[in-house]
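Structure at a glance
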Amino acid sequence: MRPTMETAAGNGVSIQIAVSDDGTADIPEIDGVLEIRKCPIPGPFLSIVDRRYAFFEPNVRSDRSYGIMIGDERISFIMHWYFWTCLWVRKECVQLDRSQPPTYVRIDGFVHEAALLLHDDVTMALQILGRRIETGDRVGIRSDLVRATCGDHCEIPRNPTYADLDGQVTLVLETEDDVVSVGAWGAVFEDVEAEAIRVDGIDVPEL
């Protein structure tokens, strides 16, 4: 799969990989991959592509051998939740491409890492790639983050848990023409559903 992933990365695709490793695996460096994390417990093969497609195969210890290809965004969302909670958030990072801007495919992942900066009046310039909720049109927005909320429009805690961010999380950006609300995968109430969030710049106020 390395040539395919390197080609995709060269075309601007953000790639995150979780690798099963009991401490003996030789984890390769793959050009252009944003981040690789390792999991000590063997898991299934799972690939989620552009939110629309998911590919699944049980781990080698399964009593049955089969593979599934899914072309449904709702089921892919469930698969990605499994990837995020079981294979990613608390696993050790073994490779990070720092030449790429920090990029997130989940709003809760971005907010979890940026929460302290949001409370310290740091200005963050973001690039949001996604689609408009009402029309489905593709959209790219570059602007400063004004605020972030979770739940019933509550302020993000300084050190949020993933449980704090389990419901609705919204980013608000102010462009030259308008104020735009940005929601997560499956957003209903915001203006834009984010598919990728890239941090273009951080401006720390002088003390």
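Structural notes, computed from the coordinates. (Residues numbered from 1 in each chain as written. Predicted model: local features only at pLDDT ≥ 70, side-chain atom pairs only at ≥ 80, totals over all residues. Heavy atoms only, no water.)

Further remarks concern the sheet that holds strand β2 (residues 35–39). Backbone hydrogen bonds hold the strands of a sheet together, and the pairing may be parallel or antiparallel. Here we have 3 strands laid out as an open sheet, ordered β1-β2-β6, and mixed in their pairing. Whereas interior strands pair on both sides, the edge strands pair on one side only; in this sheet they are β1 (16–20) and β6 (92–96). With direction set aside, neighbouring strand axes in the sheet form an average angle of 25°. (Pairing = 2+ DSSP bridges. Helix = DSSP H or I, 4+ residues; strand = E, 2+ residues; numbered from the N terminus. Axes fitted to C-alpha atoms, helices over the stretch in contact; angles between N-to-C directions.)

What follows concerns the state of the cysteines. Counted according to the given criterion, the structure contains 0 disulfides. Unpaired in terms of disulfides, Cys39 finds its nearest cysteine sulfur in Cys86, a separation of 9.4 Å. (Disulfide = S-S within 2.5 Å.)

Attention shifts here to the side chain of Thr170. Structurally, the position occupied by Thr170 is in strand β11 (residues 169–174). Here Thr170 falls in the buried class, since its relative accessible area comes to 7%. Reaching out from Thr170, the side chain makes a polar contact with the side chain of Glu190 at a distance of 2.6 Å. Sequence-distant contacts of Thr170, defined by excluding residues within four places in its chain, comprise Arg147, Ala148, Thr149, Ser181, Val182 and Glu190. (Buried < 20%, exposed > 50% of the residue type's maximum accessible area, 1.4 Å probe, protein only. Polar contact = N/O pair within 3.5 Å; in protein donor to acceptor, adjacent residues only side chain to side chain. Contact = heavy atoms within 4.5 Å.)

In this structure, the largest pocket encloses a volume near 1400 Å³. Around the largest pocket, the lining is made up of 42 residues, and of these Ser14, Ile15, Gln16, Ser47 and Ile48 lie nearest the centre. At the level of elements, α1 (2–10), β1, β3 (45–49), α2 (73–87), β7 (103–104) and β13 (192–203) are the ones that each hand at least two residues to the lining of the largest pocket. (1 Å grid on protein atoms, 1.4 Å probe; cavity = no way out; pocket = protein on both sides within 12 Å on 5 of 7 lines; lining within 4 Å. Points joined across faces, edges and corners; volume = space filled by probe spheres on them.)

The next thing to look at is the packing of aromatic side chains. Two measures describe an aromatic ring pair: the distance that separates the ring centres and the angle between the ring planes. Under the criterion given, the structure shown has 4 aromatic pairs. For the pair Trp84 and Tyr162, a centre-to-centre distance of 5.8 Å together with 85° between the ring planes defines the contact as edge-to-face. With Trp84 in helix α2 and Tyr162 in the loop between β10 (154–155) and β11, the pair connects residues that are 78 residues apart, well separated along the chain. Centroid distance Tyr104 to Phe110: 5.5 Å. Interplanar angle 70°. Geometry classified as edge-to-face. For the residue pair Tyr104 and Phe110, the accessibility class agrees, reading buried in each case. (Phe/Tyr/Trp six-rings, centres within 6.5 Å; stacked < 30°, edge-to-face > 60°.)

The next thing to look at is helix α3 (residues 107–119). The end-to-end C-alpha separation of α3 is 17 Å, in line with the 18 Å expected for 13 residues at 1.5 Å each. Bending of α3 peaks at approximately 50° at the position of Glu113. Taken as a whole, α3 has its buried residues at Ile107, Asp108, Gly109, Phe110, Val111, Ala114 and Ala115. Asp121 lies just past α3 and shows a positive phi near 60°. (Expected span 1.5 Å × (residues − 1). Bend = angle between axes of the 7 residues up to and from the residue.)

Attention now moves to the environment of Ala114. Among the secondary structure elements, Ala114 is positioned in helix α3. C-alpha of Ala114 to C-alpha of Gln95: the two residues are 19 residues apart in sequence and 20 Å apart in space.

This brings us to the nonpolar core. In a soluble, globular protein the nonpolar side chains are often hidden away together inside. Judged by nonpolar contacts, the single largest core of 26 residues is most densely connected at Phe110, Leu126, Ile128, Leu171, Val182 and Ile197. When contributions to this core are tallied by element, the ones reaching two or more residues are α3, β8 (123–132), β9 (138–150), β11, β12 (179–183) and β13. The residues touching Leu126, leaving out its near neighbours within four places in the chain, are Phe110, Ile141, Arg142, Ser143, Leu145, Leu171, Leu173, Ile197, Arg198, Val199 and Asp200. Counting residues in hydrophobic clusters, the runner-up holds 11 residues, among them Cys39, Phe56, Phe83 and Trp84. (Core = buried A, V, L, I, M, F, W, Y, C linked by side-chain atoms within 4.5 Å.)

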